[in-house]
Each structure stands twice: as C-alpha cells, then as structure tokens.
Amino acid sequence: GCDGKFFVGGNWKSNGTKSSVTKLVEELNAGSVPSNTEVVCAPTFVHLPYVSETLDAGKFQVSAQNCWVEGYGAYTGEITAEALGDMSVNWVILGHSERRALNGETNEFVADKCKKALDTGLSVIACIGETLEQRESGKMFEVLDAQLAAIAGKIDDWSSVVVAYEPVWAIGTGVVATPDQAQEVHAYLRKWFADNVSPSVSKSLRVIYGGSVNAENCSDLATKEDVDGFLVGGASLKGPDFLVIANAFE
Ligand code: PEP
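Residues numbered from 1 in each chain as written. Predicted model: local features only at pLDDT ≥ 70, side-chain atom pairs only at ≥ 80, totals over all residues. Heavy atoms only, no water.

> Looking at this structure, I do not really get the packing of aromatic side chains. What am I missing?
Remark: the centre distance and the inter-plane angle together describe each pair of aromatic rings, the angle taken between the planes. Throughout the structure, instances matching the rule amount to 9 aromatic pairs. Relative to Tyr188, the ring of Phe141 lies with its centre 4.2 Å away and its plane at 40°, an arrangement referred to as tilted. Separated by 47 residues along the polypeptide, Phe141 in helix 7 (residues 140-152) and Tyr188 in helix 8 (residues 179-196) bring together distant segments of the chain. A residue is classified by how much of its surface remains accessible, and Tyr188, at 25% relative accessible area, is partly exposed. (Phe/Tyr/Trp six-rings, centres within 6.5 Å; stacked < 30°, edge-to-face > 60°. Helix = DSSP H or I, 4+ residues; strand = E, 2+ residues; numbered from the N terminus. Buried < 20%, exposed > 50% of the residue type's maximum accessible area, 1.4 Å probe, protein only.)

Set out below in structure tokens:
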C-alpha cells in the first residue's frame, strides 16, 4: 500500500436529472466517511456547480470527468482546467477508457491534458487500462507501460495525481477483476513507478482500481496490499451502495 489515504472516486458519467442528482446528494450527505478515506464525486459539468455547493465538503470533494488541453479561448464546447479551478472544482478525471475509445483520445493527448490540468493547479485521476484482446494476446503490460510513459514524459510532479487502473473489460460489464488480478497489476504499476519515476513516488502514489466495483465486492478488493482505492461508475449512482464502498477500507 501507499502512504496516502484510501481514495474512492465516483464517476457519474453522463447520468443524472435535477431530481436524481438532488436525491443522490441528500443520500450521500446522510452517510459517513471514515477519516482514513478521501471521497470524490464526479457529476456531469452541468451538475457540478449544484453538487459542489450542496455536497457536504467535510466528507466529499468534487471532480470533473474531463477538461480541455488548452486554456481559455476559442474552443467551442470545451471546458478548461482554469474554469474548473475558478469554480472550486479541484479534481479532474483524465484518460477514461470511454473517452479514449469514443472520443479518440490518444496516450499523448491524455498526457498533454494531465500536464495542463496539473499546471493549472488541479489534481488528476489519470486512467489507464487494457482491453480484453490486449490482455489475452499478452500485450497488457506493454499497453500499460505506453499509457504511463506518455504521462511520465510530460509531468514531473506526481503529488497531485491518483492513477486509476481500469481494465476495459471490467468497466460497466459486471465482470470485476478478482482481487488477485487487481493486485498483480497494481504491484506491477508500483514497481513501474519505482523503476521509471522514483522510489518515493512509487511509495506515495495512490493506485486505485476501477471496473464493476460494487457494495458486495469492494471489501475483498480493499484488502489487497497495492489497491489504494477505487474508481466507481455504476455503483456511484446509488447513494447507499457508494457509501458502503467509501467505507470499504478498514
Ligand atoms: C468507470 O467508468 O470508471 C467504472 C469503473 O465503471 P463501472 O464501475 O460501472 O464499471
């Protein structure tokens, strides 16, 4: 494990109505979060100001799900890291596999966005992960290396980064990695950082797991030495379930 607090992120993706978001905030605020755990919720951009103002800041922080690679300017439809910071949104998820797959985000582009967000003062949840085909053809470590190397090539300071290992085959599928599968990759990533960045970054960096984490499977995964938290999609939309996950680390 690392030195930092356990980290649980909730990625609400493109979900939520005024009424469902209001209800989810109420449910979350009614729950408790242990002092050993940092919990961050990522609603859509349109819901972010409401959630940021109403979610209990003593227990939860908020995150965006993406940001633009450049600053303010003529980039119609994009949201800058500067605008997020100005709205007191201090976290951003970057490199999510859905954006890599559906929006064509390359390793280089994700790395540029990580640099931009960090330079602007945001903290970053940087997502990496292999597809089933890559895993089955023996390319998993090569793919993960390339995703990390692109980011490591552009940033020096990892103190505001959380790395989310999210095997694509486990995202939204109900097929969770076994605790041993997650631990194998997390240990590999920890060693990658020791070898390619520095032993101190390897020791302090949180490497969290994402992919079909739910209220039932979270406690087994949380026992694994190198699993420092979770990024949660589907189950983060259910207040009581997400609170169970936020309390998974003893
Ligand atoms: C995600 O999209 O980051 C994710 C882990 O989704 P789910 O929990 O639904 O698999």
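Anyway, onward from the coordinates.
> What is the right way to read the side chain of Glu166 from this model?
Looking at where Glu166 falls in the secondary structure, it is placed in the loop between strand 6 (161-165) and helix 8. If we ignore the near neighbours within four places in the chain, the residues touching Glu166 are His96, Cys127, Ile128, Gly129, Glu130, Ile171, Gly210, Gly211 and Leu231. (Contact = heavy atoms within 4.5 Å.)

> Any chance you could explain the side chain of Arg206 here in plain terms?
Its location among the elements puts Arg206 in strand 7 (residues 206-210). Not counting chain neighbours up to four residues away, the residues in contact with Arg206 comprise Cys2, Gly4, Lys5, Phe6, Phe7, Glu38, Trp91, Val162, Val163 and Asp228.

> Looking at this structure, I do not really get the sheet that holds strand 3 (residues 60-64). What am I missing?
Within the closed barrel, the 8 strands sit side by side as 1-2-3-4-5-6-7-8. Their pairing is parallel. Strand-to-strand twist in this sheet, taken as the mean axis angle between neighbours without regard to direction, amounts to 25°. This element, helix 5 (residues 107-119), spans strand 4 (91-94), strand 5 (123-128) and strand 6 of the sheet and lies at about 175° to strand 4. (Pairing = 2+ DSSP bridges. Axes fitted to C-alpha atoms, helices over the stretch in contact; angles between N-to-C directions.)

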